[in-house]
Amino acid sequence: MYRGKTRRMKITRKLQTAGRPTEKVLEVPIRPGYKAGTRITFSGEGDEVEPGLAENIIFVLREVKHDRFVREGDDLHYEVKVSLADALCGFTHDICMLDEKERIKRLRKRVPVSNVTTQVLSGEGMPITKRPGEKGDLIVSFSVDFPERELTDEQKEHVRAAFPS
């Protein structure tokens, strides 16, 4: 739903009027930024209830889970997994965006990040259907990978020496 597209849907309908085809292909326009639950109606394209009077067909959109982004309204959420060393020393991370042409958004972090650090990239989220050309925000959060085992006494001394109180 980021880029929008037209889906072709083949329908079969019950008819009472001769000469009207029972099968038809409808082109469903999905505009960039449509949300889950958006209803697209085709008036008079459904089953005929009496000659010359047909019901409507309504398509209800649903979102498919994305492997990198999570949608929340017009915003997109993205999580960067970071080693403890990178979280403390700084790092660079490339985010492959959803645009038609391949576009990379590069994050350069020079200050330490934690599991509660977020960065908001304005105008890099989902397109806003009612305001063409505008987009929501991309909210980047960080997940720091802490050691799962106890540090040795020597490692603890090195850490304490690097961060005096």
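Residues numbered from 1 in each chain as written. Predicted model: local features only at pLDDT ≥ 70, side-chain atom pairs only at ≥ 80, totals over all residues. Heavy atoms only, no water.

Asks: An account of the overall build of the protein chain is requested, with residue identities and associated values reported.
Replies: Helices and strands together make up the secondary structure of the protein chain, namely 2 helices and 12 strands. Traced from its N-terminal end to its C-terminal end, the protein chain shows the element sequence β-β-β-β-β-β-β-β-α-β-β-β-β-α. Structurally, the protein chain occupies a C-alpha span of about 90 × 35 × 25 Å along its principal axes. Scored against the burial criterion, the 165 residues of the protein chain give a buried share of 28%. Within the protein chain, contacts between residues separated by at least 24 positions form 50% of all contacts whose residues are at least 6 apart in sequence. Total accessible area on the protein chain is roughly 11800 Å²; 49% of this is exposed by carbon and sulfur atoms. Positive and negative side-chain charges of the protein chain, numbering 30 and 27 respectively, have mean locations separated by a distance of 5 Å. (Helix = DSSP H or I, 4+ residues; strand = E, 2+ residues; numbered from the N terminus. Buried < 20%, exposed > 50% of the residue type's maximum accessible area, 1.4 Å probe, protein only. Contact = heavy atoms within 4.5 Å. Areas by Shrake-Rupley, 256 points an atom, 1.4 Å probe, with all protein chains shown as cover. Lys, Arg positive; Asp, Glu negative; His and termini not counted. Charge placed at Lys NZ, Arg CZ, Asp CG, Glu CD.)

Asks: Give a description of the environment of S43 that names residues and reports values.
Replies: Inspection of the secondary structure puts S43 in the loop between β3 (39-42) and β4 (48-50). It is 4.5 Å that separates the C-alpha atoms of S43 and N56, two residues lying 13 residues apart in sequence.

Asks: Account for the side chain of E124, with residues named and values stated.
Replies: With respect to the helices and strands, E124 occurs in the loop between β11 (118-121) and β12 (138-145). Within the structure, E124 has its side chain in polar contact with the side chain of R103 (distance 2.8 Å). Sequence-distant contacts of E124, that is, excluding residues within four places in its chain, are made with L76, M97, R103, K105, G136, D137 and L138. (Polar contact = N/O pair within 3.5 Å; in protein donor to acceptor, adjacent residues only side chain to side chain.)

Asks: Could you give me a rundown of the nonpolar core, with the residues and numbers involved?
Replies: By size, the foremost hydrophobic cluster in this structure holds 19 residues, and its most contacted members are V80, I95, L138 and V140. Within the residue set of this core, elements represented by two or more residues are β8 (75-83), β9 (91-96) and β12. Once you skip the residues sitting within four places of it in the chain, L138 turns out to touch F69, L76, Y78, I95, M97, Q119, V120, L121, E124 and G125. (Core = buried A, V, L, I, M, F, W, Y, C linked by side-chain atoms within 4.5 Å.)

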